[in-house]
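Close look at the chain arrangement
For reference, the chains in residue letters:
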Amino acid sequence: MNRVERGAIAAGAVSVSAAAIGAVSFTKPSGYTPSFYGLVPAWIWTALVLSIVAGLVLLARGAFSEQPSLFARGILIIGTSYSILYFLPQAVGFEFWAFSRADALMHFSYSEHIILTGSNPTRNMYPGTHYIISQAALVTGLPVEVFQPTLMYLVTSVFIIGCALFGRVLGGRYVGKFVFIAAVPLVLGKYMQHLMPWFIAFSLLPIILFIAESLRNGRFADSNKVAASLCAFVLLFGIVFIHPMSAGFVLVLIGCGFIATTAYNQRTGRSKPHYRVMWGLLVAVPLGIWYFSTATFSRLVQQTALSLVATSPGGAAKAGEASGSGYTTLQLAQRYIVGEYGVLILYLATGGLLSFWVGYKFLQGRDIRFSETMACAVYVVGGSIGTIFLAFRAIITEFYRMNQLTLFGAILLLGLGMAALHAFDEISLSGVSLNSVAAGALVVVVITAGSLAVFTVYDERRHVNQAELKGIEHHMTYGNYELNTWSMRITGVESEYTVNTQRIEQIPWENRPFHDLQADNELPDDLGYATNDSVSSLFDKRGYIVISERNQDWVAVEPPNRYQYVRYISEAEMEQLRADRAASQVYNNGGSWIWWVRS
């Protein structure tokens, strides 16, 4: 063990210890904080990033020098760093972390509903995750929200290990190690820490591919084939009820295997068998029977069909939103290209270059490996699907979710690229090893992605806190639903999370306060005072106004040139509301207020 390796171990140990001490010693101040990254001291973030960098350096050094002890130390440091990162909101005083439109709030609600009633909510299409969480909560007696970081930390681990196992069965032990390294950065950002059933299901896909490839190549002993097949059956069947899109991606990956195997056989003259079609049927049949029998899924299909024929494609709409946001070109680059989508761009670009390399080898008839063909097929097919989602506002609009398969392909290509450079004969130019330069460049890509990814996990500027949720729950419990409720930046997801009572179940979804269909009840940021003397102008007779601290303070994370483009309630409007004789404050918990307004 040389000086650099000992230094990396020491740096990793010191930085991860500092991050842990900082996490448990720092307590968040009361009130709403727009930015989680601004709330937690910078030295804690610095320690976390340094620990991840040190862990990745040890992983890379251990893989290239074939030192298992270094690789194991890297895993230990990375695992500890991610545990601090995933549990950081709870460590500093949050009950949980979620934003107002977060699926996590809805999934908490569905899990709580199962605990209270013993039945699946009528609107819940994919109950797999909710039954797991509800049963865990019943056994342990802990709130369902506690299981978000715990479950997602385990799911992230399963995804990383699954990628490594699939890489190993494709190309051998060394390939598995390098694919493990490429999978370590949190390439899907916040979706890997938030309670997202689609990622839970997606994390199982590498495991399924590992089993499929092992069975096809005869890697399992005869005594283990039955157990492996049963495990695959359970995973395939279970994914259907965890999330439909990830279940659909099983069929896509089987298709990628067919494309890769056909191309490989034709190019090499071999007769490598295809993946089993039966596996696709184990997903397709229950997928169709279960989801098309639900009214919610049928409405989703109709909305998707309409979006595909809409005149405003998704890519153009997103570009228009960005150009009209008020950001300068430099601010756009800092927030989106470097910040929010930096990891995505870095991995997709690197994966694209490596896929060109594989394509060149394939066309030139050089020594092509099936592992490279399969990884390239996943990347290209995933990129095609992402392009379709980008062109149309269909089902999903988030860039990371659009490209989840493409990122998986990029992880495989990165790992295979590092493994190939490790195994190739040394190529030198003017005394410089080109293999080492290229391998070093790929390691830098992984380390850069691992560092940037830390700042995508909690990059949500409209997160909710307990004061806001308690205010919504109070209104959902005691408010008069026959009267209009005007609010701002409050969604039906929040209202559904806050209460699970028979009263809510008996009232049609579209008639509840804060529902998205009630767009005419969206509170203007000037509270109507720009054109009228009283807030009562918003109502025909009587009604409610619900305001949270977030409605006023979240603008603080934006640069001043953006203020005119951001909807927020200023202190001047709040002073007018307090002095308005038509408005009476009926609820105040210090972070959420309800006003009774009469005309």
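Our structure is the block above this text.
Reading guide: rules and limits
Residue numbers restart at each chain and count upward from 1, following the sequence in its written direction. For this predicted model, a pLDDT threshold of at least 70 governs which residues receive local features, and a threshold of 80 or more governs which side-chain atom pairs are given and counted, while totals over whole chains, interfaces and linings are taken from all residues. Excluding hydrogens and water, the side-chain figures rest on all heavy atoms present in the structure. The pairing test for Phe, Tyr and Trp rings, Trp by its six-membered ring, is centres within 6.5 Å, and the orientation test on the planes gives stacked under 30 degrees, edge-to-face over 60, and tilted for anything in between. Numbering of helices and strands starts at the N terminus; helices are DSSP runs of H or I of at least 4 residues and strands are runs of E of at least 2. Only protein chains enter the calculation, and the probe is 1.4 Å; a residue is then buried if its accessible area is under 20% of its type maximum, exposed if over 50%, and partly exposed in between. The rule for a charge over a ring is simple: NZ of Lys or CZ of Arg within 6 Å of the ring centre, and within 35 degrees of the ring normal. Here, a salt bridge means any side-chain nitrogen of Lys or Arg that lies within 4 Å of a carboxyl oxygen of Asp or Glu.

So, the packing of aromatic side chains
Here a ring pair, both rings aromatic, is described through the centre-centre distance and the interplanar angle of the planes. Applying the stated criterion to the full structure yields 28 aromatic pairs. Taking 5.9 Å as the distance between ring centres and 65° as the angle between the ring planes, the aromatic pair formed by Phe36 and Phe94 counts as edge-to-face. You can see Phe36 sitting in helix α2 (residues 36-39) and its partner Phe94 sitting in the loop between α4 (68-92) and α5 (103-117), a full 58 residues away along the chain. When sorted by exposure, Phe36 lands in the same class as Phe94, which is buried. Pairing Phe71 with Phe180 gives two aromatic rings, centres 5.6 Å apart and planes at 55°, and the pair type is tilted. With Phe71 in helix α4 and Phe180 in helix α8 (residues 173-183), this residue pair connects regions lying 109 residues apart in the sequence. Each member of the pair, Phe71 together with Phe180, is buried. Above the ring of Phe94, the side-chain terminus of Lys28 is found at 4.9 Å from the ring centroid. Sitting over the ring of Tyr275, Arg216 keeps its end group 4.1 Å from the ring centre.

Structural notes on the pattern of salt bridges
Inspection of every chain in the model, using the stated rule, returns 10 salt bridges. Lys361 serves as the salt-bridge partner of Glu372, at 3.1 Å between the closest nitrogen and oxygen. In this pair, Glu372 is assigned in helix α18 (residues 370-391) and Lys361 in helix α17 (residues 342-364), connecting sequence segments 11 residues apart. No difference in accessibility class separates Glu372 from Lys361, as the two residues are buried.

Functional significance is not addressed by these values, which are geometric in nature.
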